[in-house]
Amino acid sequence: MSRQSFSLRVAVSAFAAAAALVLAGCGSTVTGTPLAADNAGPASPAPTTSAVSPTTTALAPTTGADEGGSTDFQAAIGDCVRLGGTTDDATIVQVPCGSESSNYRVIGKARTNDQCPTDVDQAYYETLGGIETGALCLDIDWVVGGCLELGGDDPERIDCSSTTAVEGVQVLAIERDTTSVDDCTRGDQGYVYDERRFVVCVTPL
């Protein structure tokens, strides 16, 4: 009997159930267009002129475990992918981390997508006969110094000099062992990952 697989992607936009954008000095989640906090520090450095410059580094803020499961698409924890398509017909290919094509990093594997850490940005999973066979837990492939458009269905790398970004950000730092944007020494905004305790510090473009 031939194996029929059907690839699905969790129908949750990036950050909807995971990292929340907050401002330094504020305790609530920001919706809409974030504004700088009153106690914001000095202005952030000028954005770089390319999406990923030779001095930027791709970082894996924190990775999870391999909790089992099986997908036809093979990727190891720490690998990066380009995820796209639709909820019912996801497309996924392996690409170099930090590259222009990369938008997510595999931070863990699970038997079902709801076993991924609660603060992951996205999950890719496959089903057989309506039953999940395995899931890849995905975080945005944050690159310190690089810039992203976060206003679409999936993140896209953009030039840091972009003037047309809807929700463009430049990543300034990744602070570990914290859930407070106040710990960002650069930038006054950040995406908070509560379960795994790290903050991606950003500045809007």
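Residues numbered from 1 in each chain as written. Predicted model: local features only at pLDDT ≥ 70, side-chain atom pairs only at ≥ 80, totals over all residues. Heavy atoms only, no water.

One covalent bond between the sulfur atoms of two cysteine residues makes up a disulfide. Per the stated rule, a full pass over the model turns up 4 disulfides. There is a disulfide in this structure between C184 and C201, and the S-S distance comes to 2.0 Å. Because the sign of the S-S torsion sets the handedness, a value of about -85 degrees for the bond joining C184 and C201 places this disulfide among the left-handed ones. Taken together, the residues span a long stretch of sequence, with C184 in the loop between β12 (168–176) and β13 (189–193) and C201 in strand β14 (residues 198–204) at a distance of 17 residues. Counting only the cysteines that form disulfides, in the order they appear in the protein chain, gives the pairing 1-2, 3-4, 5-6, 7-8. (Disulfide = S-S within 2.5 Å. Helix = DSSP H or I, 4+ residues; strand = E, 2+ residues; numbered from the N terminus.)

A word on the environment of A165. Checked against the element boundaries, A165 lands in the loop between β11 (156–158) and β12. Assessed through its relative accessible area of 26%, A165 is described here as partly exposed. Spatially, the C-alpha atoms of A165 and L148 are 8.7 Å apart, while their sequence positions differ by 17 residues. Contact partners of A165, with chain neighbours within four places excluded, come to E149 and I158. (Buried < 20%, exposed > 50% of the residue type's maximum accessible area, 1.4 Å probe, protein only. Contact = heavy atoms within 4.5 Å.)

Glancing now at the packing of aromatic side chains. Scanning all chains against the criterion turns up 3 aromatic pairs. Centroid distance F73 to Y124: 6.2 Å. Interplanar angle 70 degrees. Geometry classified as edge-to-face. Placement of the pair is F73 in the loop between β3 (57–58) and β4 (80–85) and Y124 in strand β7 (residues 122–128), with a sequence separation of 51 residues. This pair shows no difference in class: F73 is buried, exactly as Y124 is. (Phe/Tyr/Trp six-rings, centres within 6.5 Å; stacked < 30°, edge-to-face > 60°.)

Once that is clear, we can look at the pairing of strand β6 (residues 104–110). Across the 7 residues of β6, 7 count as buried, placing the element largely inside the fold. Relative to β6, β4 runs antiparallel, the two sharing 2 bridges. Bridge pairing in β6 links V81 to Y104. Note: β6 against strand β8 (residues 131–140), 6 bridges, orientation antiparallel. Note that in β8 the partner of A110 across the bridge is A135. (Pairing = 2+ DSSP bridges.)

Phi is positive for D177, which is not a glycine, with a value near 55 degrees. Looking at the element boundaries, D177 is found in the loop between β12 and β13. Since its relative accessible area comes to 64%, D177 is described here as exposed. The backbone phi angle of R197 is positive, close to 60 degrees, even though this residue is not glycine. In this structure, R197 sits in the loop between β13 and β14.

On to the pairing of strand β5 (residues 90–95). As defined by bridge partners, β4 adjoins β5 across 6 bridges and the pair is classed as antiparallel. Within β5, the residue paired with L83 across the bridge is I92. Between β4 and β5, which pair antiparallel one after the other, the connecting turn spans 4 residues.

Any link to function would need more than the numbers given here.
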